[in-house]
Amino acid sequence: MPLLRMPPPHGGKLVDSVVKNKDRAEKLAAGCVRFELKPTTDAKGVPIRHVYREIMSVCYGFFSPLEGSMVREELERVLKERRLLSEWIFPYPILFDVSEEDYKALGVKEGDRLLLTLKGQPFATLDIEEIYKIDPIDVATRTFGTPEKNPEVVRQPFDDKHPGYVIYKFHQPVIFGGKYTIINEPKFKEPYDRFWFPPAKCREVIKNVKKWRTCIAHQTRNVPHVGHEMLMKCAAFTGDVEPCGGILVNAIIGAKRKGDYPDEAILEGHEAVNKYGYIKPERHIVTMTLWDMRYGNPIESLLHGIIRQNMGCTHHMFGRDHAAVGEYYDMYATQILWTKGIPSFGFEAPPNEVDYGLKILPQNMAEFWYCPKCGEVAYSETCGHSKEKQKFSGSFVRGIVSEGIFPPNVIFRPEVYKVIVKWWKVYGYPFVNNKYLKLKAQELEVDVPPLEIPKA
Amino acid sequence: MPHFIGVIIDEKRMEKIKGTPLEKEIKDMFGGALKMIAVPIPEEKSKEVLKAFDKARIDSRGYIEDVPVAFRRAVFEEMIKAKSLNIIDNVLARISEIQEAAKKEDEYIPPPEVE
């Protein structure tokens, strides 16, 4: 078997829809109708999504080969077969949605170009190819599946307790399908600026700075406890003739469910792992993707595969209950997808074995626990003392944190815990709550520089 | 089968427990790096706890988790008063007071002082 090399981007070419030339940007947007982007909110008015994050991820190539908001035929294809019209696999509806009132007020039609503003400044354009309506509840239901239609992995009907379902349920009903172009690059604030590695830059860093031939991706929405650290270290032993050259941590940044950690703590917590040598920085990098997490377990794992292949990873680690919340899916749903496929979601075979599929290789992992008999953090499939195990239960760890107890080194590295406390002091709370979500929707991760656009 | 509430015993709590019958209930976790008392909760009472706090759930170990800090604090206070683990009725008797404190916890939890 030949040695593994960095895979090509999904779809063959990275999307780069960011205009850096000011004159060109002004010409593109001159005379366009303006629309200020706003967050999607739930029934209580709490922000749960901001479409700017999707526009950033599309235009900087994280979601390659997707170029914009889906037209109706593409939406249907994704919901039925998880494929774009170009045949390449893609898991989720990506839609630019507006309310009936906004649609009427804008007065735009198919063929028009819309200027999207963010924080009051010109940000991107949308070339409207098609305008159509959706039933958001139907889209939400079909996105995640049902026990009847997807019996292989869906265990209970999705409902308002599932954050991803709620995101689609609260999409506005009018969709503008078409291509996005960023015309005014936002500037990331601290600490996000240190972790922004769009796919083209990330590939460059992996190849020429880190010089990793193979690289395994670690998906995260968490501040890493020692169980996560062991997962990263052990999963990285995969590779080909040698373990993977590097570990790429990719944090999902955006609105999250209440009880998750604030984004800043997630990023700096992972950074502390390499800064303080628990995994040396020569072998570890922390990056981020803007996306309001849908918690779609196998469906989300497809998006993770796409993003991390586009970023240049050869492998992706998938755990039990990958990107999951509650018990909607089988706890092994992602691993079933990547070993056998899930026919009812359009995969007769794993996503890396189908035409127009992914090239990234899955590394399915079980769990790590503390074994008092072994006296160390152990892998569940190796350790023979399952009766004595002490699990790194997320709720248990959250309980320790919220009581303000300094966790022992075997649960959290002290430097990682101090990051939690640093951001706790900033927000008055260690976890995501309504106040954090509202503030985040207002402040965002970026600022947008002023740009004058000629009226016509 | 009973469920459990895990009460972590840090140095401050240990001071209050020393010399009481509770001392023998302390269990080592994570190789002795953490100490805990598992308070047994009969199943019908654990249902009341789950009903009182919408985020609360029973994890795969049979422990009631995602309960407010105020609830755990009350469990510890009642344990110290009674010097026994048979205290869930005393805690449930204070449920409205705990729920009131828990509401404030959704907005603010005082951060610990760490160096």
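Residues numbered from 1 in each chain as written. Chains lettered and ligands numbered in written order. Predicted model: local features only at pLDDT ≥ 70, side-chain atom pairs only at ≥ 80, totals over all residues. Heavy atoms only, no water.

A. Quick look at the interface of chain B and chain A. Across the contact, 28 residues belong to chain B and 28 residues belong to chain A. Joining chain B to chain A, the criterion identifies four salt bridges. Across the pair Glu403(A) and Arg13(B) runs a salt bridge whose closest N-O atoms are separated by 2.8 Å. Taken together, the links from chain B to chain A amount to eight residue pairs in polar contact (both at pLDDT 80 or more). Looking at the side of chain B that touches chain A, the elements that each hand over two or more residues are β2 (27–29) and α3 (69–82) of chain B. Tallied by class, the residues present in the side of chain B that touches chain A amount to twelve nonpolar, two polar and 14 charged. (Contact = heavy atoms within 4.5 Å. Salt bridge = Lys/Arg side-chain N within 4 Å of Asp/Glu carboxyl O. Polar contact = N/O pair within 3.5 Å; in protein donor to acceptor, adjacent residues only side chain to side chain. Helix = DSSP H or I, 4+ residues; strand = E, 2+ residues; numbered from the N terminus. Nonpolar A, V, L, I, M, F, W, Y, C, P; charged D, E, K, R; others polar.)

B. Highlighting the confidence of the model for chain B. In this model, chain B carries a mean pLDDT of 92, and residues with pLDDT of at least 70 account for 100%. By mean pLDDT, strand β4 (residues 57–58) of chain B is the weakest element of chain B at 86, and helix α4 (residues 88–93) of chain B is the strongest at 96. (pLDDT = per-residue confidence, 0-100.)

C. Quick peek at the environment of Glu54(A). All names here are of chain A. Its place among the elements puts Glu-54 in helix α2 (residues 51–59). When sequence neighbours within four positions are dropped, the list of residues in contact with Glu-54 reads Arg-49, Ile-94, Leu-95, Trp-291 and Arg-294. Engagement of the side chain of Glu-54 in a polar contact is seen with the side chain of Arg-49, the distance being 2.8 Å. A distance of 3.0 Å separates a polar atom in the side chain of Glu-54 from a polar atom in the side chain of Arg-294.

D. Molecular detail of the side chain of Arg94(B). Residues and elements named next belong to chain B. Note on placement: Arg-94 falls in the loop between α4 and α5 (95–105). Of note is the side chain of Arg-94, whose polar atom sits 3.0 Å from the side chain of Glu-97. When sequence neighbours within four positions are dropped, the list of residues in contact with Arg-94 reads Ala-74, Glu-77, Glu-78 and Lys-81.

E. Local environment of the nonpolar core. Of all hydrophobic cores here, the largest spans 155 residues; its most connected members are Leu37(A), Phe63(A), Phe96(A), Leu114(A), Leu116(A), Phe176(A) and Phe412(A). The element that contributes the greatest number of residues to this core is helix α13 (residues 414–427) of chain A, accounting for eight residues. Inspection of this core shows a minimum of three residues originating in each of domain 1 (22–187) and domain 2 (192–365 + 401–440) of chain A. In this structure Leu37(A) touches His50(A), Val51(A), Tyr52(A), Ile55(A), Phe96(A), Leu116(A), Thr117(A), Leu118(A) and Phe123(A), once residues within four positions along its chain are discounted. One finds Val49(B), Ala52(B), Phe53(B) and Met79(B) within the second-largest nonpolar core, a separate group that totals 29 residues. (Core = buried A, V, L, I, M, F, W, Y, C linked by side-chain atoms within 4.5 Å. Buried < 20%, exposed > 50% of the residue type's maximum accessible area, 1.4 Å probe, protein only. Domains from an automatic or database assignment.)

F. Looking closely at the packing of helix α3 (residues 72–81) of chain A against helix α5 (residues 136–144) of chain A. Residue and element names in this part refer to chain A. The geometry of α3 relative to α5 is characterised by a closest axis approach of 8 Å and an angle of 40° between their N-to-C directions. Regarding the angle of α3 to α5, the classification is oblique. Counted together, Leu-75, Glu-76, Leu-79 and Lys-80 of α3 and Val-139, Arg-142 and Thr-143 of α5 form the full contact between these two elements. Here the contact of α3 with α5 is built from residues that sort into three nonpolar, one polar and three charged. (Axes fitted to C-alpha atoms, helices over the stretch in contact; angles between N-to-C directions. Parallel < 35°, antiparallel > 145°, perpendicular 65-115°, else oblique.)

G. Highlighting the pattern of salt bridges. Scanning the entire structure with this criterion turns up 48 salt bridges over all chains. In this structure, Arg77(A) and Glu81(A) form a salt bridge, with 3.0 Å as the shortest nitrogen-oxygen distance. With Arg77(A) and Glu81(A) both in helix α3 and four residues apart, the pair spans about one turn of that helix. On the basis of relative accessible area, Arg77(A) is assigned to the buried category, the value being 17%. Across the pair Lys425(A) and Glu113(B) runs a salt bridge, and its minimum N-O distance is 3.7 Å.

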